[in-house]
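Working through the structure, step by step
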Amino acid sequence: MLPDKQFLIDLAHMKMPFGKYKDRYLIDLPEYYLVWYHGKGFPKGKLGDMLLQVYEVKMNGLEDLIRNIRKQYPKK
């Protein structure tokens, strides 16, 4: 399965829309918060898909990959 380029660009620019971490980039959410969501269940829809991907990225130590995408593809 090949990653969707636009999904990764959107992921790099997505911010948490609510809660304690509102307006923080998803990739910058604390790991324990993502682990909590993983146990509780991610929200439905695009946000949940993105949080799951961020969880996977962080569990594999690839955060810099997403941060580099954000730098290479600035939001228009």
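Let us look at the structure shown here. (Residues numbered from 1 in each chain as written. Predicted model: local features only at pLDDT ≥ 70, side-chain atom pairs only at ≥ 80, totals over all residues. Heavy atoms only, no water.)

**A look at the packing of aromatic side chains**
The final tally for this structure, using the stated rule, is 6 aromatic pairs. The interplanar angle of 20° and the centroid separation of 6.0 Å between the aromatic rings of Tyr 33 and Trp 36 together place this pair among those described as stacked. Residue Tyr 33 and its partner Trp 36 are both found in helix H2 (residues 31-40); the two are separated by 3 residues, about one turn of the helix. Residue Tyr 33 is classed as buried on the basis of its relative accessible area, which comes to 12%. For Trp 36, a relative accessible area of 46% translates into the label partly exposed. (Phe/Tyr/Trp six-rings, centres within 6.5 Å; stacked < 30°, edge-to-face > 60°. Helix = DSSP H or I, 4+ residues; strand = E, 2+ residues; numbered from the N terminus. Buried < 20%, exposed > 50% of the residue type's maximum accessible area, 1.4 Å probe, protein only.)

**A short note on the nonpolar core**
Met 16, Leu 26, Leu 29, Leu 51 and Ile 66 are the most contacted members of the largest nonpolar core, which has 20 residues in total. Sorting the residues of this core by element identifies helix H1 (5-13), H2, helix H3 (45-59) and helix H4 (63-72) as the ones contributing at least two each. Per element, the largest residue contribution to this core is 6 residues, and it comes from H3. (Core = buried A, V, L, I, M, F, W, Y, C linked by side-chain atoms within 4.5 Å.)

**Remarks on the environment of Leu 29**
Topologically, Leu 29 is positioned in the loop between H1 and H2. For Leu 29, a relative accessible area of 1% corresponds to the buried category. As for Leu 29 and Val 54, which are separated by 25 residues in sequence, their C-alpha atoms are 8.8 Å apart. Discounting residues that sit within four places of it in the chain, Leu 29 has contacts with Met 16, Tyr 21, Arg 24, Leu 34, Leu 51 and Lys 58. (Contact = heavy atoms within 4.5 Å.)

**Describing unusual backbone geometry**
Peptide bonds are, in most cases, trans, and in most cases residues other than glycine have a negative phi. Even without being glycine, Asp 23 reaches a positive phi, approximately 70°. Along the chain, Asp 23 falls in the loop between H1 and H2.

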